[in-house]
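Given next are the chains, with one letter for each unit.
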Amino acid sequence: MDIRAIAMGLAFALMWSSAFTSARIIVAEAPPLLALSARFLISGGLGVAIALALGQSWRLSRAQWKATLIFGICQNALYLGLNFVAMQWIQASVASIVASTMPLMVALLGRVVFGDTVRPLGLAGLVAGVIGVAIIMGARLSGGVDPVGLALCFAAALALSVATLSVRGASSGGNVLMIVGLQMWVGAAVLAVVSAFTETWDVMPSTRLVLAFLYTTLIPGLLATWIWFKLVGRIGAVKAATFHFLNPFFGVAIAALVLGERLGLLDLLGVIIIAGGILAVQLSKQR
């Protein structure tokens with residue numbers, strides 16, 4: 001792994017983790033599902049436009065259409081939708097910590113459902129992840145965190161884990177940006193329908209809201225996604241995934257810096273253990 005790949009991985013992790021803080025700002029002043037649908041509508045349009053400019057095609061294979069629909073519903077509508085709704089009641093740092101357990105869920109479900117081989121280092125990582133989550137959640141529940149919001153975050157991570165396993169390798173064959181753009185449109189359509197029936201479209205316009213919305217749309221939404229695919233193409237998916245172990249650290253740090261969210265010693269201990277577990281699981285996959 002060269003210096004450029006390391007820089008790309010750090011940039012991706014930082015941008016990806018920052019989305020929870022900007023989302024927390026958005027849901028304080030706008031309906032969460034409406035805001036997320038608008039974000040996907042814009043991000044998807046930009047992604048499709050860039051893909052067409054690069055010569056990518058609308059004609060996808062059956063596996064690619066499957067990936068587009070599944071990720072559009074599970075990642076964009078369920079994973080991010082549930083997280084946006086949950087952050088009306090819980091802190092951005094908590095949402096980012098729960099979301100960071102997704103690689104652990106993928107490894108565990110892969111072992112249970114598909115019989116994937118997990119090496120001893122990977123098993124140790126899974127155990128560490130469970131312990132880290134238990135430490136944080138025990139401290140948070142005793143401190144009065146909203147259990148419904150917490151449950152929504154775990155359901156979101158589980159939805160993305162299932163989607164990841166169900167379309168393994170389905171996005172191969174080119175047209176990556178086109179797939180990304182189209183799956184954002186799928187998410188936008190689903191969320192718009194749900195929002196119309198469940199939310200009151202009451203928005204409080206402000207400079208803070210506009211900046212947070214633009215940032216979430218362009219940086220974590222498009223730029224981080226583009227960097228991720230470039231990184232995977234450069235060093236492979238397994239090595240690129242090791243950068244996810246930084247997400248708990250960055251997510252907590254950004255929320256504390258921007259929103260002033262306070263963390264206890266048990267929170268920090270749990271973050272360190274979860275990050276170590278994610279790193280161990282990913283390293284166990286490398287030859």
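Computed from a predicted model, the values in this text were never measured in an experiment.

What about the overall build of the protein chain?
Scanning the protein chain for helices and strands turns up 12 helices and zero strands. In the protein chain, the succession of α and β elements from N to C terminus is α-α-α-α-α-α-α-α-α-α-α-α. Summarising its shape, the C-alpha atoms of the protein chain cover approximately 45 × 45 × 35 Å along the three principal directions. Counting all 287 residues of the protein chain, 50% fall into the buried class. Considering only contacts within the protein chain whose residues lie at least 6 apart along the sequence, 91% involve residues at least 24 apart. Element-wise, carbon and sulfur atoms account for 71% of the exposed surface of the protein chain, whose accessible area totals about 13300 Å². The positive charge centre, built from 17 side chains, and the negative charge centre, built from 8, are 17 Å apart in the protein chain.

What to know about the side chain of Gln56
If you trace the backbone, Gln56 turns up in the loop between helix 2 (32-53) and helix 3 (62-86). A distance of 3.0 Å separates a polar atom in the side chain of Gln56 from the backbone nitrogen of Met178. If we skip the residues at most four places from it in the chain, Gln56 touches Ala51, Asn175, Val176, Leu177 and Met178.

Describing the UniProt feature "domain: EamA" (unreviewed entry) in the protein chain
Per the UniProt record, "domain: EamA" (unreviewed entry) is annotated on residues 5-137 and 149-281. Regarding residues 5-137, the helix share stands at 82% and the strand share at 0%, and the terminal C-alpha atoms are separated by 34 Å.

A word on the environment of Phe40
As for its position among the elements, Phe40 is in helix 2. A residue is classified by how much of its surface remains accessible, and Phe40, at 1% relative accessible area, is buried. C-alpha separation for the pair Phe40 and Asn76, spaced 36 residues apart in sequence, amounts to 8.1 Å.

Focus: the confidence of the model for the protein chain
For the protein chain, mean pLDDT is 84; residues scoring 70 or higher make up 95% of the total. Looking over the protein chain, one finds the lowest element-wise mean pLDDT in helix 10 (residues 237-241), namely 69, and the highest in helix 2, namely 92.

Some thoughts on the nonpolar core
With 55 residues, the main nonpolar core has Phe20, Ile26, Phe40, Tyr79, Met87 and Ile90 as its most contacted residues. Considering every element that reaches this core, the biggest residue donor is helix 3, with eight residues. The next biggest cluster of nonpolar side chains, apart from the first, holds 13 residues, and it includes Ile227, Trp228, Leu231 and Leu246.

Focus: the pattern of salt bridges
The final tally for this structure, using the stated rule, is one salt bridge. Across the pair Glu29 and Arg208 runs a salt bridge, and its minimum N-O distance is 3.9 Å. Taken together, the positions of Glu29 in the loop between helix 1 (3-27) and helix 2 and Arg208 in helix 9 (residues 207-235) put the pair 179 residues apart, joining distant regions of the chain. Note on Glu29: relative accessible area 15%, which makes it buried.

Here we look at the state of the cysteines
Applying the stated criterion to the full structure yields zero disulfides. The thiol of Cys74 is unpaired, and the distance to the nearest cysteine sulfur, on Cys153, comes to 17 Å. For Cys153, a relative accessible area of 1% translates into the label buried.

Rules of the game
Residues numbered from 1 in each chain as written. Predicted model: local features only at pLDDT ≥ 70, side-chain atom pairs only at ≥ 80, totals over all residues. Heavy atoms only, no water. Helix = DSSP H or I, 4+ residues; strand = E, 2+ residues; numbered from the N terminus. Buried < 20%, exposed > 50% of the residue type's maximum accessible area, 1.4 Å probe, protein only. Contact = heavy atoms within 4.5 Å. Areas by Shrake-Rupley, 256 points an atom, 1.4 Å probe, with all protein chains shown as cover. Lys, Arg positive; Asp, Glu negative; His and termini not counted. Charge placed at Lys NZ, Arg CZ, Asp CG, Glu CD. Polar contact = N/O pair within 3.5 Å; in protein donor to acceptor, adjacent residues only side chain to side chain. UniProt positions renumbered as here; feature names shortened; annotations may be inferred. pLDDT = per-residue confidence, 0-100. Core = buried A, V, L, I, M, F, W, Y, C linked by side-chain atoms within 4.5 Å. Salt bridge = Lys/Arg side-chain N within 4 Å of Asp/Glu carboxyl O. Disulfide = S-S within 2.5 Å.

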